[in-house]
Amino acid sequence: MSDELGFNKIAGAILATALAYMGIKELAHAAYHPHAPEVPAYGADLLAEAMKNTGKSDVAAEPLPFPQPSYVAAMDPAAGEKVFAKCKSCHSIEQGGANATGPNLYGILNNPIGAQDGFGYSAAFKATDLNWGYEELDAYLAKPRGYIKGTAMSFVGLKKEDQRAAVIAYLRSYGDENVPLPTPAVVEDAAEPAEAMPSDAIPSDASVVQEDPMESAAIEAPEAPQE
Ligand code: HEC
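Residues numbered from 1 in each chain as written. Predicted model: local features only at pLDDT ≥ 70, side-chain atom pairs only at ≥ 80, totals over all residues. Heavy atoms only, no water.

Caption draft 1: Spatial organisation of the overall build of the protein. Counting its regular elements, the protein contains ten helices and zero strands. The linear arrangement of helices and strands in the protein, starting from the amino end, is α-α-α-α-α-α-α-α-α-α. Considering only contacts within the protein whose residues lie at least 6 apart along the sequence, 56% involve residues at least 24 apart. Within the structure as shown, the protein displays about 15200 Å² of accessible surface, and the carbon and sulfur contribution to it stands at 58%. (Helix = DSSP H or I, 4+ residues; strand = E, 2+ residues; numbered from the N terminus. Contact = heavy atoms within 4.5 Å. Areas by Shrake-Rupley, 256 points an atom, 1.4 Å probe, with all protein chains shown as cover.)

Shown next, in the form of structure tokens:
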């Protein structure tokens, strides 16, 4: 009798241990996701979202709205004057300055393309209809021939965003019109991803666990003793 009780206790302890072990395994599985699902349940999207909020622009996601706060912060005309050294060989900027290889740039901001009297613009410029707003200038200066195919401006472009921001601020300082600085664009759902993550992740994670027959077979195997 007491032997049998002892045996039951031991068997019970073993069973409890086994159950606890399985429980832990199940939990660990749910938490750490040891097998890679064919389609990542939550990866690319949330990662892109998270990266967005770091303000890094080299993420292979959709481009951030223009201009980012860092861009507006880089709009320093003094720094832009230095960048303009690259433009000086072709452009004057003072009011009434002469056209050279390129047109005089006084008052260019918010003015129509190709409007400088007496300058012989390219056919590409003549065929393009736009006003030089901040975004247009930024795109043109980043890659002139990418933005306006066939432009006569043989300048490779300013790769660095802060240089473009600075030189545009410098252009802005030469004009009659006091064009307001651009308002930094706000990433709309900036506050949301942290909150959205658990509710998004749990359902998709759970469905992956259930959909994998191999995995549940492996967990259930010790539960079916033969005797
Ligand atoms: C090698 C000469 C050259 C250099 C260097 C150059 N540009 Fe130009 N730029 C031109 C020419 C030529 C045009 C006219 C383009 C056309 O007709 O297709 C032009 C056009 C422009 C326009 C449009 C003007 C208008 O009237 O619509 C802007 C703005 C401009 N350049 C800014 C710059 C800035 C800023 C830099 C320096 C970062 C620069 N350019 C460097 C030759 C140059």
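Caption draft 2: Representation of the pattern of salt bridges within the structure. Tallying each qualifying case throughout the model produces one salt bridge. A salt bridge links Arg164 to Asp138, with the nearest nitrogen and oxygen atoms 2.8 Å apart. Of the two residues, Arg164 is situated in helix 8 (residues 161-172) and Asp138 in helix 6 (residues 134-142); the sequence distance between them amounts to 26 residues. For the pair formed by Arg164 and Asp138, the shared burial category is buried. (Salt bridge = Lys/Arg side-chain N within 4 Å of Asp/Glu carboxyl O. Buried < 20%, exposed > 50% of the residue type's maximum accessible area, 1.4 Å probe, protein only.)

Caption draft 3: Local environment of the coordination of the iron atom of the ligand. At this site the iron atom of the ligand is bound by His91 (NE2) and Met153 (SD), with donor distances of 2.0 to 2.2 Å. Here the iron atom of the ligand is ringed by six donor atoms whose angles at the metal span 87 to 179 degrees, and the overall shape comes out octahedral. One end of the pair, His91, is in the loop between helix 4 (77-83) and helix 5 (123-126); the other, Met153, is in the loop between helix 7 (144-147) and helix 8, with 62 residues separating them in the sequence. The buried category is assigned to Met153, whose relative accessible area is 18%. (Donors = N, O, S within 2.8 Å, 3.2 Å for Na, K, Ca; no water. Tetrahedral: all angles 85-135°; square planar, octahedral: opposite > 155°, others 65-115°.)

Caption draft 4: Representation of the site of the ligand within the structure. Taken together, 25 residues sit near the ligand, with Cys87, Cys90, His91, Ser122 and Met153 positioned nearest. At 2.9 Å from an oxygen atom of the ligand is found a main-chain nitrogen or oxygen belonging to Gly114. A distance of 2.8 Å separates an oxygen atom of the ligand from a polar atom in the side chain of Trp132. Counting residues per element, the shell around the ligand draws most heavily on helix 6, at three residues. (Near = heavy atom within 4 Å. Polar contact = N/O pair within 3.5 Å; in protein donor to acceptor, adjacent residues only side chain to side chain.)

Caption draft 5: Geometry of the packing of helix 6 against helix 8. Running from N to C, helix 6 and helix 8 cross one another at 125 degrees; their axes reach a closest spacing of 10 Å. One element, helix 6, and the other, helix 8, form an angle in the oblique class. Note on packing geometry: the crossing formed by helix 6 with helix 8 is right-handed. Contacts between helix 6 and helix 8 involve Tyr134, Leu137, Asp138, Leu141 and Ala142 from the first element and Arg164, Val167, Ile168, Leu171 and Arg172 from the second. For the contact of helix 6 with helix 8, a count of residues per class yields seven nonpolar, no polar and three charged. (Axes fitted to C-alpha atoms, helices over the stretch in contact; angles between N-to-C directions. Parallel < 35°, antiparallel > 145°, perpendicular 65-115°, else oblique. Left-handed = near helix turned anticlockwise from the far one by under 90°. Nonpolar A, V, L, I, M, F, W, Y, C, P; charged D, E, K, R; others polar.)

Caption draft 6: Quick look at the packing of aromatic side chains. All told, the structure shown has eight aromatic pairs when counted by the stated rule. Judged by centre distance (4.8 Å) and plane angle (65 degrees), the rings of Phe119 and Tyr121 are edge-to-face. Per residue, the accessibility class of Phe119 equals that of Tyr121, and both read buried. Ring geometry for Tyr170 against Tyr174: centres 5.2 Å apart, planes inclined by 65 degrees, an arrangement best described as edge-to-face. Taking relative accessible area as the criterion, Tyr170 reaches 7% and is therefore assigned buried. (Phe/Tyr/Trp six-rings, centres within 6.5 Å; stacked < 30°, edge-to-face > 60°.)

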